[in-house]
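Each chain, written out:
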Amino acid sequence: MNLPLAIALLLLFTVSYHLARYSLTGPYMVAAATLTICTWLQASPPVIVIAAVAGYFLVFFINEDLDVNSLLLRGEESLEELTSQADVGLKVAKVIVFILFFFLPIPKPPGYLVGIPALVIVAVLIYLNQDSWEQGSLLGFLTLTLICVGSVALGCYILKLVWLVNVPVLPLLTGLALPNLIDPIGRERSLAERGIEYPPGLPQVVYTFLLTWITPGLSLSAATSGLIAPGVYRALTASLTSAALEAWNISLILRGGQASKTVLAYLLLRPNSINHVPALDGQGIGYGALVAVFLIAVLPALIFYWRKSERIEVNQAVVVFAMVSQSVAVTGLTAIPLIVLGLAIALLQRNLMPDSPEVRSLAVMAPMIIS
């Protein structure tokens, strides 16, 4: 690594660390900026990959409120507030889970649960797992699901025809989550008020990962809503499962796999806008180099996460700005109609059936139907 590149990356990571504490940047934005700097300064492919992984996970762990995998599971409380009662225990568990899934040679699933069958199975699980106070008629729940998912699928299909590209999920997810951030309570009870105080059993946590593992798309919020009872432990489970998915997915593509279930994997595998080649060519860097990536890129991020000072609470409008900015950075102008579409569906759900916010997690799966 040359000296100008080292100085530029050090400055970027230092600034990003402090911005993340104020929720002013997301992990994807830092990883994308890292790729840009490395390309400008002609870094070698191994350095590019290691630097992008380091920047991504530095922010991923520091600012958990911008974890797109669990964004739909929180309302007015930040994830840190929801999990504060078990903060130390969560840190220990999250680090252990991340390291295990980073090094375990978990392959791609032998098959995927996709399309209408996946949607039906997850929808039934979510309906059966709702609070007793909110479990309305099955017909009403199914009708709302069909309206929301169908509308999103139709909108994504039209956008796909116009732009001739696959529809990215992140902007849609941002739009679906905006009401939680702009008007967090509405007529809904918060996740912390939904009363289930006992932790889920280990099988439920394992099933959550397995269901997410075999279902393409950012489906963690749907899988968690379908298998983990409402309450604080749903957020805890989502946080741990998110870490497991991130660790497994980056480990898989570094070993030559092709799954792209996280935004970091998407970034490393898609063509770079500057030099029109992906950071990884699909062949990976070998299992031995995985240790180097862990020591140089992942371990420092875990140390910062472990030793981080208390995150600064900010206005939710700042989080909205960061999420919208990150969505535009991922997809360009295509993000705007997708954010508007997601917001419209979220407001529709709040007005038609405010006691079923989990339907928004099902709407995230709509692009899978048209792919």
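All of the points below concern the structure found in this document. (Residues numbered from 1 in each chain as written. Predicted model: local features only at pLDDT ≥ 70, side-chain atom pairs only at ≥ 80, totals over all residues. Heavy atoms only, no water.)

## What to know about the overall build of the chain
A count of helices and strands for the chain gives 17 helices and 0 strands. For the chain, the residues scored as buried account for 55% of the 371 residues in total. Expressed as a percentage of contacts within the chain between residues at least 6 apart in sequence, the contacts between residues at least 24 apart total 81%. For the chain, the exposed area adds up to about 15,200 Å²; of that, 71% sits on carbon and sulfur atoms. (Helix = DSSP H or I, 4+ residues; strand = E, 2+ residues; numbered from the N terminus. Buried < 20%, exposed > 50% of the residue type's maximum accessible area, 1.4 Å probe, protein only. Contact = heavy atoms within 4.5 Å. Areas by Shrake-Rupley, 256 points an atom, 1.4 Å probe, with all protein chains shown as cover.)

## Notes on the packing of aromatic side chains
Enumeration according to the criterion identifies 16 aromatic pairs in this entry. Ring plane angle 35° and centroid distance 5.1 Å describe the contact between Phe-61 and Tyr-305, whose orientation is recorded as tilted. With Phe-61 in helix H3 (residues 45–62) and Tyr-305 in helix H13 (residues 287–307), this residue pair connects regions lying 244 residues apart in the sequence. On the basis of relative accessibility, which here comes to 0%, the residue Phe-61 falls in the buried class. Lys-91 extends its terminal NZ or CZ atom over the ring of Tyr-305, reaching a point 5.8 Å from the ring centre. (Phe/Tyr/Trp six-rings, centres within 6.5 Å; stacked < 30°, edge-to-face > 60°. Lys NZ or Arg CZ within 6 Å of the ring centre and 35° of its normal.)

## Notes on the side chain of Ser-221
When you line up the elements, Ser-221 lands in helix H10 (residues 220–227). When residues no more than four places from it in sequence are discounted, the contact partners of Ser-221 are Asn-69, Leu-72, Leu-73 and Ser-361.

## Considering the pattern of salt bridges
Counted by the stated rule, this structure contains 1 salt bridge. Between Glu-358 and Arg-234 there is a salt bridge, with its nearest N and O atoms 3.0 Å apart. You can see Glu-358 sitting in the loop between helix H15 (335–352) and helix H16 (359–363) and its partner Arg-234 sitting in helix H11 (residues 232–254), a full 124 residues away along the chain. Owing to a relative accessible area of 4%, Glu-358 belongs among the buried residues under this scheme. A relative accessible area of 2% means that Arg-234 is categorised as buried. (Salt bridge = Lys/Arg side-chain N within 4 Å of Asp/Glu carboxyl O.)

## Let's talk about the nonpolar core
Generally speaking, soluble globular proteins have nonpolar side chains that are buried together. With 110 residues, the main nonpolar core has Val-53, Phe-57, Phe-98, Phe-102, Ile-250 and Leu-362 as its most contacted residues. At 15 residues, the largest contribution of residues to this core is made by H3. (Core = buried A, V, L, I, M, F, W, Y, C linked by side-chain atoms within 4.5 Å.)

## Brief notes about the environment of Ser-151
Among the secondary structure elements, Ser-151 is positioned in helix H7 (residues 138–163). Remark: the alpha-carbon pair of Ser-151 and Ala-344, spanning 193 residues in sequence, is separated by 9.7 Å. The contacts of Ser-151, once residues within four sequence positions are left out, are Leu-146, Leu-341 and Ile-345. Polar side-chain contacts of Ser-151 include one of 2.6 Å to the backbone oxygen of Ile-147. (Polar contact = N/O pair within 3.5 Å; in protein donor to acceptor, adjacent residues only side chain to side chain.)

## Examining helix H1 (residues 3–21)
When the terminal C-alpha atoms of H1 are compared, their 28 Å separation across 19 residues agrees well with the 27 Å that a helix rising 1.5 Å per residue should span. For H1, the full list of buried residues reads Leu-5, Leu-9, Leu-12, Phe-13, Ser-16, Tyr-17, Ala-20 and Arg-21. Angular distribution of buried residues about the axis of H1 spans 155°; they occupy a single face of the element. In H1, the exposed positions angled more than 90 degrees off the buried face are occupied by Leu-3, Leu-10 and Leu-11. For H1, the N-terminal capping position is held by Asn-2, with its side-chain oxygen 2.8 Å away from the main-chain nitrogen of Leu-5. Phi turns positive, to about 60°, at Ser-23, one or two residues after H1. (Expected span 1.5 Å × (residues − 1). Arc of directions from axis to C-beta.)

On their own, these measurements won't tell you what the molecule is for.
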